Amino acid sequence: MSPVSSRLPVFPWDRLEPYKATAGAHPDGIVDLSVGTPVDPVPDLIQRALVAAADSPGYPTVWGTVALRDALTGWVERRLGARGVTHANVLPVVGSKELVAWLPTQLGLGAGDRVAYPRLAYPTYEVGARLCGAEPVAYDDPTDLDPAGLKLLWLNSPSNPTGQVLAEDELVRIVAWAREHGVLVFSDECYLELGWEAEPVSVLHPDVCGGTYEGLVAVHSLSKRSNLAGYRAAFLAGDAAVLGELLQIRKHGGMMTPAPVQAATVAALGDDAHVREQRERYAARRRSLRTALEAHGFRIDHSEASLYLWSTRDEPCWDTVAHLAELGILVAPGDFYGPAGERHVRVALTATDERIEAAVKRLV
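Chains are numbered independently. Their residues run from 1 in the order of the written sequence. Given that this is a predicted model, residues contribute local features only at a pLDDT of at least 70 and side-chain atom pairs are listed and counted only at 80 or more, while totals for whole chains, interfaces and linings are drawn from all residues. The side-chain numbers reported here are obtained from all heavy atoms of the structure, hydrogens and water having been left aside.

**Some points on the sheet that holds strand β10 (residues 308-312)**
Strand pairing in a sheet relies on backbone hydrogen bonds. The paired strands run either parallel or antiparallel. Filter applied, for reference: Here a strand pair is declared whenever DSSP counts at least two bridges between the two strands. The numbering of helices and of strands both runs from the N terminus, where a helix is a DSSP run of H or I of at least 4 residues and a strand a run of E of at least 2. Residue contacts are defined here by distance: any two heavy atoms, one from each residue, within 4.5 Å place the two residues in contact. An axis is simply a line fitted to the C-alpha atoms; with a helix, the fit covers only the stretch in contact. Between two such axes, the angle follows the N-to-C directions and lies from 0 to 180 degrees.
If you trace the 4 strands from one edge of the open sheet to the other, you get β9-β10-β13-β12, paired in antiparallel fashion. Two strands close off the open sheet at either side, each with one partner strand: β9 (299-301) and β12 (332-333). Direction of pairing for β12 relative to strand β13 (residues 345-348): antiparallel, over a ladder of 2 bridges. When the sheet's bridge partners are listed, P333 is paired in β13 with V345. Most of the contacts of helix α10 (residues 273-295) go to β10, to which it runs at about 5 degrees, and overall it touches β9, β10 and β13.

Written as structure tokens, this is what we have:
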């Protein structure tokens, strides 16, 4: 029996280690802008909620507490503009990466099925397809795909890595096509609250979905908006039939969000002030870093949303990685996200103000 790992691509981040060593040798230390991991504190109200629920000796439920489901439905209606959202339309998950990687397996997909995702994309979409033996398919425009055998279509707006946002009319067109051909749509909207030069729209908005969630599920995470990457707090919202099936499967698999994290999620979704404060931090870092990169000869493409600047000097991405590493700055090569990214690098905004300032000084 061949190992399952043989189906998967080489883990890309291992290839960055030599450049990380170079950047780390800079006299003023490394500025690591390669991974989009939050560095700012978890807001106090969320920490307090976690601690208050620390005495949780029993097993949590996969579907979550009533309070959690109320928080999820309330946020989806308030923030996404969705209507008529019930508990059947939401499902907590143990971080969005787990969901992306194992969704095709949990949907029962396998050999002969196809899973589609953007040509420039988070690598875990492809990994999820390969884990279950399905065929991964990259697209520029999903409506150009042959729908035969296409069981799952991933959308990602705002995009990781490019920060590109799908306009409402594009979403309407794609959703109509998918429904016409019976293709299930999962929309990764984890950066939706981080729009800068565009206002991202959810597939669950009534102007997109037409008032029905049939065939549509949105994926959301608290990692970036609330600095909760370490909590593994995320959730799904949309088609009740799809989520009901996933709930049954996940019950058997014991995929339970820890009870203290459920309580912290309720607190996080009930407070918008900390989200605004974190947005302001990222906006300031984005302005400084973008100005410095452009002064250094970079062009920034897309990047109208999310936590990254999709940057190029019109050269092979690894040449750019090496150049910046000599300045003590580590970034992600664009080909981590597909061959179409071979002349770009992804520059994350997730560093402290002090480290962003250090990067700016080295670039200007």
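**Brief notes about the environment of E193**
As for its placement among the helices and strands, E193 is situated in the loop between β6 (184-188) and α7 (206-209). Apart from residues no more than four positions distant in its own chain, E193 is found in contact with W75, R79, R225, V275 and R279.

**Details of the sheet that holds strand β8 (residues 234-238)**
Ordered by their spatial adjacency, 7 strands build an open sheet running β2-β8-β7-β6-β5-β3-β4, and the pairing between neighbours is mixed. Single-partner strands in this sheet number two, and they are β2 (90-93) and β4 (135-139). Strand-to-strand, the axes of this sheet are offset by a mean angle of 20 degrees, without reference to chain direction. Bridge analysis of β2 against β8 gives 4 bridges, and the strand direction is antiparallel. Residue pairing in the sheet places L91 in a bridge with L236 of β8. Set on the sheet, helix α8 (residues 240-253) makes contact with β2, β6, β7 (216-221) and β8; between it and β2 the angle comes to about 40 degrees.

**Some words on the pairing of strand β5 (residues 150-156)**
Convention followed: Partly exposed residues are those whose accessible area sits between 20% and 50% of the maximum for their type, while under 20% is buried and over 50% is exposed, using a 1.4 Å probe and protein chains only.
β5 sits mainly inside the fold: 6 of its 7 residues count as buried. With 3 bridges joining them, strand β3 (residues 114-118) and β5 adopt parallel strand pairing. Its bridge partner lying in β5, A116 is registered against L153. When β5 meets β6, the two strands line up parallel, connected through 5 bridges.

**Structural notes on the pattern of salt bridges**
Note the cut-off: A pairing counts as a salt bridge when a side-chain nitrogen of Lys or Arg comes within 4 Å of a carboxyl oxygen of Asp or Glu.
Per the counting criterion, the structure on display carries 23 salt bridges. A salt bridge links R79 to E199; the shortest N-O distance between them is 3.8 Å. Here the residue R79 occupies a position in helix α3 (residues 66-80), and E199 occupies one in the loop between β6 and α7, the gap between them amounting to 120 residues. Between R119 and D140 there is a salt bridge, with the nearest N and O atoms lying 3.1 Å from each other. In this pair, R119 sits in the loop between β3 and α5 (124-132) while D140 sits in the loop between β4 and β5, placing the two residues 21 residues apart along the sequence. Here the salt bridges do not stand alone but share partners, grouping D28, E354, R355 and R362 into one network.

**Digging into the packing of helix α1 (residues 17-24) against helix α11 (residues 317-326)**
Packed helix pairs are specified by the crossing angle of their axes together with the interaxial distance, meaning the distance between the axes. For the record, the criterion: Angle categories are assigned with fixed cut-offs, so that under 35 degrees is roughly parallel, over 145 is roughly antiparallel, 65 to 115 is roughly perpendicular, and the rest are oblique. Classification convention: Asp, Glu, Lys, Arg as charged; Ala, Val, Leu, Ile, Met, Phe, Trp, Tyr, Cys, Pro as nonpolar; all other residues, Gly among them, as polar.
Relative to each other, α1 and α11 sit at 25 degrees, their axes nearing to 7 Å. By the criterion of interaxial angle, the relationship of α1 to α11 is roughly parallel. Packed against α1, whose contacting residues are Y19, T22 and A23, the element α11 presents W318, V321, A322, A325 and E326 at the interface. Looking at the contact of α1 with α11 residue by residue, the class counts come to 6 nonpolar, 1 polar and 1 charged.

**Observations concerning the packing of aromatic side chains**
The condition is simple: Note on ring pairs: Phe, Tyr and Trp rings are taken, using the six-membered ring of Trp, and paired if centres are within 6.5 Å. Classes follow the plane angle, with under 30 degrees stacked, over 60 edge-to-face and the rest tilted.
Under the defined criterion, the tally for this structure stands at 10 aromatic pairs. Summarising the aromatic geometry, the rings of W13 and F336 are spaced 5.0 Å apart at their centres and angled 75 degrees between planes, so their arrangement reads as edge-to-face. Residue W13 is located in the segment before α1, and its partner F336 is located in the loop between β12 and β13; the two are separated by 323 residues in the primary sequence. We classify W13 as partly exposed; its relative accessible area is 23%. Residues W75 and F235 carry aromatic rings whose centres are separated by 5.7 Å and whose planes lie at 85 degrees to one another, so their mutual orientation is edge-to-face.

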